[in-house]
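Results of the structural survey
Single-letter residue listing:
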Amino acid sequence: MIERLVAGWLANATERSFQAPFCHTLTSKGMTVLHLTRHGEMEIGKDVIAVDRQGTPYAYQLKTPSGPRITMSEWRNGIASQVHDLVTTAVVHPSLPKTKPHRSFLVTNKGIDESVIRAIGDMNRRWEDAGQSYLKLETIVGGELLRDAIDLGTNLWPSELSQSRDILELFLQDGTGPLQTAKLCGLLQSTLQLDVGSRPSQSSCHQRFSSAGLLTAIAESEHARQQYHVAQIEAWTLYCCHVLAVAERWSLSKSVWMPAISVAKSTIWSLLEDLVAELRERKNMIEGDPINDNLFRRGRITRLVGFVSLFALWKRADGGIGENDEFAKEFCGKHRGSLWLWGEAAVPLLLAFYWFWRKVDATPSIDSLLSMLISGICEANGHQCPPDNALPNPYYSESEVLAARLGISDEPIEEDFRKHSYTLESIVHLFARLNWKMQMTTLWPSITHVWFNRFEPAAKWQFFLWRAAEGTHWDVAPRYPKQWSELRAEAEECNGNSVPEVVRNDPILLALILCVCPHRLTADVARWLDTQLADL
């Protein structure tokens, strides 16, 4: 069954959707991927650039034909000129010597017509006859990709019947609906053997990281077909989480896990760019029937504002402000009034917006977002509030909350969320950092009616798991009265003691992880992120 599933996925993949799994296959063979294109105008024929253990550069052009094979018509109408650039244009990258020739490959997930094979042979012979035998185009076709993919999948994926069924359900899931997060995380955890107590070898890590990458691509394939970018971003973020969990647990050398993370991050940022490009073209945020969409639009807008904010912060970290900042400011400013605290899982998305907006607006206007969040949580989860109006904790997703509120949930939410909050302490500390003493004095009495909840996994590597089996749950009652100096001292502490080592150099990735795994937001993490992002 797994072989047929992989074959079905590959046959229907696009060059965009099989790019990341192809890169993971390269890393499983000991190669280092240096560059993934975002398929823009400057790709100069090279979708992927890699280097082998001997230092030989490799350049790949990925193509998906409209039919079962690349035809002569497709060859003449663009591919021939692209592969000419692929072969003849030098590979330029800081990690590669300028004088060493590269090997060039045309890669397709399907086949190549005999006439095109003949044209490739003729092209190679012309270079050889001209004394340029170092110029040569090689090919990788669907059968070879399928063989490598099946080797990774069948050997390393979980084989229990229930988990095989989960793989099939992920492949067949509705590409317009939310990602089946729990199923994907369970499969990634099994594939990467996070439940095994022995340290993996370096070669085993490379193989399993690549296998998990293929699994992630298959899990989000239907979302890719529907161009549901948010679900794709979430899937690859969860992949990063599980690779980082392995790295943190076993204190792996960066050279072991960073290639897999680099491929996944390049995929995520490319998807964020696709999302922004789509939003630039859209005239409204309506999906489907406008009347029914009223129930879901504000939640969707909140998620989009959070992801657009992260995109702008990432561009700033890369030194690219300008146009990206302008669009993000325009989009977030336009939809700021539609932001919705539907549950505590929305808080990291709102904080992403807060961290971006304070970069582009020097006025204190964004500070009011934090005070409004504090008021909203205290009002919804206070001791006198109706239980049906309380904000669900961050372990409940947007779809679960909306289904429960509409009365269409298979499993109604019966938990009482009053007098408790997992995110209030984080927001209180961020607001205290802004030194709004009088406003905090007004808010504090209502804050003291809501206990600060916090869960700390037993080990730091479990921070990246969707569900940690062991840990400590804290319920802390805010004191009344409390000295302002004491609160300020708590708020200014920013050591980030609970932040795992493997992500301390990448605060934006950590902010993205919190948007996908909101139950990992704690005051300690929020304070550390606030400090790190202030320096961008």
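Everything quoted here is computed from the prediction, not taken from an experiment.

1. As for the overall build of the protein
- In terms of helices and strands, the protein carries 22 helices and 10 strands.
- Relative to the compact-globule value of 24 Å for 536 residues, the protein shows a C-alpha radius of gyration of 25 Å, a close match.
- In the protein, which comprises 536 residues, the proportion classed as buried is 55%.
- As presented, the protein carries roughly 23,800 Å² of accessible surface, and 50% of it is formed by carbon and sulfur atoms.
- Treating the 54 positive side-chain charges of the protein as one cloud and the 63 negative ones as another, the clouds have centres 4 Å apart.

2. Some thoughts on a nonpolar patch on the surface
- On the surface, L295, F296, L406 and I408 cluster together to form a nonpolar patch covering roughly 370 Å² of accessible area.
- Among the structural elements, I408 can be located in the loop between helix 17 (398-406) and strand 8 (420-421).
- Residue classification places I408 among the exposed positions, given a relative accessible area of 60%.

3. Looking at the packing of aromatic side chains
- Per the counting criterion, the structure on display carries 13 aromatic pairs.
- Between F22 and Y60, the aromatic rings sit 5.0 Å apart at their centres with planes inclined by 80 degrees, giving edge-to-face as the arrangement. One end of the pair, F22, is in helix 2 (residues 19-28); the other, Y60, is in strand 3 (residues 57-63), with 38 residues separating them in the sequence. Of the two residues examined, F22 and Y60, each falls in the buried class.
- Seen from their ring centres, Y60 and F105 are 5.3 Å apart, and the 25 degrees between their planes marks the pair as stacked. Taken together, the residues Y60 in strand 3 and F105 in strand 5 (residues 103-108) connect sequence positions 45 residues apart.

4. Comments concerning the packing of helix 16 (residues 367-381) against helix 19 (residues 437-447)
- At a minimum axis separation of 10 Å, helix 16 and helix 19 run at an interaxial angle of 25 degrees. Looking at the two axes, helix 16 sits roughly parallel to helix 19. Remark: the crossing between helix 16 and helix 19 carries left-handed chirality. Across the interface between the two elements, S371, I374, S375 and C378 from helix 16 touch L443, S446 and I447 from helix 19.

5. Points about the sheet that holds strand 10 (residues 471-476)
- Here three strands make up an open sheet; going across it, the order is 8-9-10 and the pairing mixed. Across the chains shown, the open sheet's two edge strands, defined by having one partner strand only, are strand 8 and strand 10.
- Relative to strand 9 (residues 451-457), strand 8 runs parallel, the two sharing two bridges. Bridge pairing links S421 to F452 in strand 9.

6. Some thoughts on the packing of helix 10 (residues 229-250) against helix 21 (residues 507-516)
- Running from amino to carboxyl end, helix 10 crosses helix 21 at an angle of 115 degrees, the nearest separation of the two axes being 10 Å. Considering the angle they form, helix 10 stands roughly perpendicular to helix 21. Like other packed secondary-structure pairs, helix 10 and helix 21 cross with a definite hand, here left-handed. Between helix 10 and helix 21, the contacting residues are I233, E234, T237, L238, C241 and L244 on the first element and L509, L512, I513 and V516 on the second.
- By residue class, the composition of the contact of helix 10 with helix 21 is eight nonpolar, one polar and one charged.

7. Let's talk about helix 3 (residues 72-88)
- For helix 3, the principal kink sits at I79 and spans about 55 degrees.
- All of the buried residues in helix 3 are M72, E74, W75, I79, V83, L86 and V87.
- Residues of helix 3 that are buried make contact with strand 3, strand 4 (69-70), strand 5, helix 4 (114-129) and strand 7 (137-140).

8. Topic: the sheet that holds strand 2 (residues 48-51)
- Strand order in the open sheet made by the five strands is 1-2-3-5-7, with mixed pairing throughout. On the outer flanks of this sheet lie strand 1 (32-36) and strand 7, each paired with one strand and no other. Recorded for the sheet is a direction-independent mean angle of 25 degrees between the axes of neighbouring strands.

9. Remarks on the nonpolar core
- In terms of nonpolar packing, the biggest core is built from 155 residues, with W9, Y60, F209 and I447 touching the most fellow members.
- Looking at this core, the element that brings in the most residues is helix 10, giving 14 residues.
- When residues no more than four places from it in sequence are discounted, the contact partners of I447 are I374, C378, L424, V428, M440, F452 and P478.
- Membership of the second largest hydrophobic core comes to 21 residues, among which are I49, I79, L106 and L135.

So, how was this worked out
- Residues numbered from 1 in each chain as written.
- Predicted model: local features only at pLDDT ≥ 70, side-chain atom pairs only at ≥ 80, totals over all residues.
- Heavy atoms only, no water.
- Helix = DSSP H or I, 4+ residues; strand = E, 2+ residues; numbered from the N terminus.
- Rg over C-alpha atoms; globule rule 2.2 N^0.38 Å.
- Buried < 20%, exposed > 50% of the residue type's maximum accessible area, 1.4 Å probe, protein only.
- Areas by Shrake-Rupley, 256 points an atom, 1.4 Å probe, with all protein chains shown as cover.
- Lys, Arg positive; Asp, Glu negative; His and termini not counted.
- Charge placed at Lys NZ, Arg CZ, Asp CG, Glu CD.
- Patch = residues over 30% accessible without salt bridge, like charges linked within 9 Å, V, L, I, M, F, W, Y side chains within 5 Å.
- Salt bridge = Lys/Arg side-chain N within 4 Å of Asp/Glu carboxyl O.
- Phe/Tyr/Trp six-rings, centres within 6.5 Å; stacked < 30°, edge-to-face > 60°.
- Axes fitted to C-alpha atoms, helices over the stretch in contact; angles between N-to-C directions.
- Parallel < 35°, antiparallel > 145°, perpendicular 65-115°, else oblique.
- Left-handed = near helix turned anticlockwise from the far one by under 90°.
- Contact = heavy atoms within 4.5 Å.
- Pairing = 2+ DSSP bridges.
- Nonpolar A, V, L, I, M, F, W, Y, C, P; charged D, E, K, R; others polar.
- Bend = angle between axes of the 7 residues up to and from the residue.
- Core = buried A, V, L, I, M, F, W, Y, C linked by side-chain atoms within 4.5 Å.

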